[in-house]
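The primary structure of each chain is shown beneath.
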Amino acid sequence: MKLWGGRFTKPTNQLVDEYTASIYFDKKLADYDIQGSLAHVEMLKSCGIIPAQDANTIAEGLKKVAEKIANGEAELSEEHEDIHMNVEKLLIEEVGPVGGKLHTGRSRNDQVALDMRLYLRDALIEISQLLVDVQESLQKQATENLETVLPGYTHLQRAQPVLFAHHMMAYVFMLQRDLERLMDSLKRVNKSPLGAGALAGTTFPIDRQFVADQLGFDGICENSLDAVSDRDFVVEFLSNSSMISMHLSRLCEELVQWSSAEFNFIELDDAFSTGSSMMPQKKNPDVAELVRGKTGRVYGHLIGMLTTLKGLPLAYNKDMQEDKEGMFDTVDTLKGALALFAPMIETMTVKKENMYEAVSNDFSNATDLADYLVGKGMPFRESHAVVGQIVLHCIQNDKYLLNLSLQEFQSFSELIEADILDVLTPEAVVNARNVAGGTAKNRVEEQLEIAQSYLADSKAWIEQQKNKQPSAE
């Protein structure tokens, strides 16, 4: 007999048991389910809803169940559908009928919402730390490459030179926004739904705030209907994860390009590369490619969750069983990518000479020639046309701007003087962009200082959140 089977006259069909069971994946919530149950039974005792002796027996039984699940001694069965019913069945086997008092004043509807919030809270803190690790690896590369110049691109065409450090810092600030989104989302995750019951609350004189305090929540969900039907916090997490994945994917695309023979700007460490089963010369950036590929997987979970929720009436519906697998998989996918990313970035070799050679043999300093003429009094539109003619002359004569003689420059404009060759070097072009946020060395150093401040704040926030969580006891 199922724990809810009192009004039924026959057992559920075996296919129904198999189809509707969620124990195969929601067993991930076992620790959180027991954590929530311990707080709930403590509240039942505190409010005098069940005798203290019964509550103590249940609490001890729950701890034994937790130990058995952790050791693989407990049998979790599809017959009992989900982790909540499996834990309760194991508890009753452990302590007898008194275990049935645990479910007083709660429903699986508010119970599962609680477990998911507890799980996601821990995941957010862990992912935040992993993001900080990636930021630190990017900043380390930036610090070591404050004088490394590489071609900057638009439309995948050479545009203007930038410091490699500047390029790395762009991703540091992208990930900072990701981190701030995760931090902000925690205040919406960290509310307790327990006590909402199935949808309307409970007739027992429970203390919802007591449970929230026990579990380290910042408060309670204010409306019982909303508490059991809300999965906004899951959607928000999946959305934030999609943004993180997109940012990682963009950097992965550049790592794949840069490590090719056509660019030859970096080399990924052997520990983060793979070979070919047929071609012995190959060294493939498979980690970067797979992180890029798994972005679609994360996007899919977001769209799936939104689609599941879009037509649901209040309050709980069985459709919402579909809220977990995508969330679990996204957490695992993101943690796996971020854990690999930091050491992959930190150990990659930056081929400074190749980058410098590339930026010395292109026309990415053409804008500086136009700006030079503007500084001499020529209107920008006119200088733009003059420089275009000079570039065309170079192309026709297989030269670059730095290969031209002063006489060749002056054949296009007498405003050009001997100092032009100093203006057009890669170093001069980079350091001429001496504006806040620009690629000049001193401006990139400013960005590093700003990022260090962000990093310190992030680390402090993570430690604060860890310290707020209740102990395992």
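Residues numbered from 1 in each chain as written. Predicted model: local features only at pLDDT ≥ 70, side-chain atom pairs only at ≥ 80, totals over all residues. Heavy atoms only, no water.

Chemist: Quick rundown of the packing of aromatic side chains? Include the residues and the values.
Modeler: For the structure shown, the criterion picks out 7 aromatic pairs. Ring geometry for Tyr-32 versus Tyr-119: centroids 5.9 Å apart, planes at 90°, classification edge-to-face. Taken as a pair, Tyr-32 in helix α3 (residues 30-46) and Tyr-119 in helix α6 (residues 108-144) lie far apart in primary sequence, 87 residues in all. For Tyr-32, a relative accessible area of 15% corresponds to the buried category. Residue class for Tyr-119 comes out buried when judged on its relative accessible area of 8%. On the numbers, 5.0 Å between centres and 75° between planes, the contact of Tyr-119 with Phe-328 is edge-to-face. Here the residue Tyr-119 occupies a position in helix α6, and Phe-328 occupies one in helix α12 (residues 324-347), the gap between them amounting to 209 residues. In this arrangement the basic side chain of Lys-28 is found over the ring face of Phe-328, its NZ or CZ atom lying 5.8 Å from the centre. Its end group placed over the ring of Phe-217, Arg-121 keeps NZ or CZ at 5.0 Å from the ring centre. (Phe/Tyr/Trp six-rings, centres within 6.5 Å; stacked < 30°, edge-to-face > 60°. Helix = DSSP H or I, 4+ residues; strand = E, 2+ residues; numbered from the N terminus. Buried < 20%, exposed > 50% of the residue type's maximum accessible area, 1.4 Å probe, protein only. Lys NZ or Arg CZ within 6 Å of the ring centre and 35° of its normal.)

Chemist: Describe the UniProt feature "domain: Argininosuccinate lyase C-terminal" (unreviewed entry) in the protein, with residues and values.
Modeler: Sites flagged by UniProt as "domain: Argininosuccinate lyase C-terminal" (unreviewed entry) map to residues 363-431. For residues 363-431, helix accounts for 61% and strand for 0%, while the C-alpha atoms at its two ends are 17 Å apart. (UniProt positions renumbered as here; feature names shortened; annotations may be inferred.)

Chemist: If you had to explain a nonpolar patch on the surface to someone new, which residues and values would you point to?
Modeler: A cluster of nonpolar side chains, contributed by Leu-199, Leu-225 and Leu-314, occupies part of the molecular surface with about 260 Å² of accessible area. Residue placement: Leu-225 occurs in helix α9 (residues 224-229). Leu-225 sits in the partly exposed class, given a relative accessible area of 31%. (Patch = residues over 30% accessible without salt bridge, like charges linked within 9 Å, V, L, I, M, F, W, Y side chains within 5 Å. Areas by Shrake-Rupley, 256 points an atom, 1.4 Å probe, with all protein chains shown as cover. Salt bridge = Lys/Arg side-chain N within 4 Å of Asp/Glu carboxyl O.)

Chemist: Can you explain the environment of Leu-175? Please cite residues and give values.
Modeler: Within the fold, Leu-175 resides in helix α7 (residues 164-189). Once the C-alpha coordinates of Leu-175 and Ser-185 are considered, the two residues, 10 residues apart in sequence, prove to be 15 Å apart. The residues contacting Leu-175, other than those within four sequence positions of it, are Leu-131, Val-134, Gln-135, Leu-138, His-247 and Leu-248. (Contact = heavy atoms within 4.5 Å.)

Chemist: Can you lay out helix α14 (residues 366-375) for me, pointing to particular residues and giving the numbers?
Modeler: One full turn of an α-helix is made of 3.6 residues, so residues set three or four places apart face in the same direction. Turning to α14, its buried residues are Ala-366, Asp-368, Leu-369, Ala-370, Tyr-372 and Leu-373. Structurally, α14 contributes buried residues whose contacts are with α15 (380-396), α16 (406-410), α17 (420-423) and α18 (426-431). The positive-phi residue at the C-terminal boundary of α14 is Gly-377, with phi of around 110°.

Chemist: Give me the lowdown on the packing of α6 against α12, citing residues and values where you can.
Modeler: In the contact formed by α6 and α12, the axes pass within 9 Å of each other and the chain directions differ by 15°. As the angle between them shows, α6 and α12 are arranged roughly parallel. Considering the relative orientation of α6 and α12, their crossing is left-handed. Considered class by class, the residues forming the contact of α6 with α12 number 19 nonpolar, 2 polar and 6 charged. (Axes fitted to C-alpha atoms, helices over the stretch in contact; angles between N-to-C directions. Parallel < 35°, antiparallel > 145°, perpendicular 65-115°, else oblique. Left-handed = near helix turned anticlockwise from the far one by under 90°. Nonpolar A, V, L, I, M, F, W, Y, C, P; charged D, E, K, R; others polar.)

Chemist: Lay out the pairing of strand β2 (residues 157-163) in plain terms, naming residues and giving numbers.
Modeler: When strand β1 (residues 149-154) meets β2, the two strands line up antiparallel, connected through 5 bridges. Among the inter-strand pairings, Thr-154 is bridged to a residue of β2, identified as Gln-157. The hairpin formed by β1 and β2 contains 2 residues between the paired strands, and His-155 there has a positive phi angle of roughly 60°. (Pairing = 2+ DSSP bridges.)

Chemist: Report on the environment of Leu-302, specifying residues and quantitative values.
Modeler: For Leu-302, the position within the fold is in helix α11 (residues 286-309). With 92 residues separating them along the chain, Leu-302 and Phe-210 place their C-alpha atoms 33 Å apart. With residues near it in sequence (within four places) discarded, Leu-302 still touches Val-235, Leu-238, Ser-239 and Ser-242.

Chemist: Any details on the pattern of salt bridges? Residues and values, ideally.
Modeler: Summed over all chains, the structure comprises 31 salt bridges. The residue Arg-108 makes a salt bridge to Glu-81 at a minimum N-O spacing of 3.0 Å. Remark: Glu-81 occurs in the loop between α4 (52-71) and α5 (83-95) and Arg-108 occurs in helix α6; sequence separation between them is 27 residues. Judged by its relative accessible area of 23%, Arg-108 is partly exposed. On the accessibility criterion, Glu-81 (9% relative accessible area) is buried.

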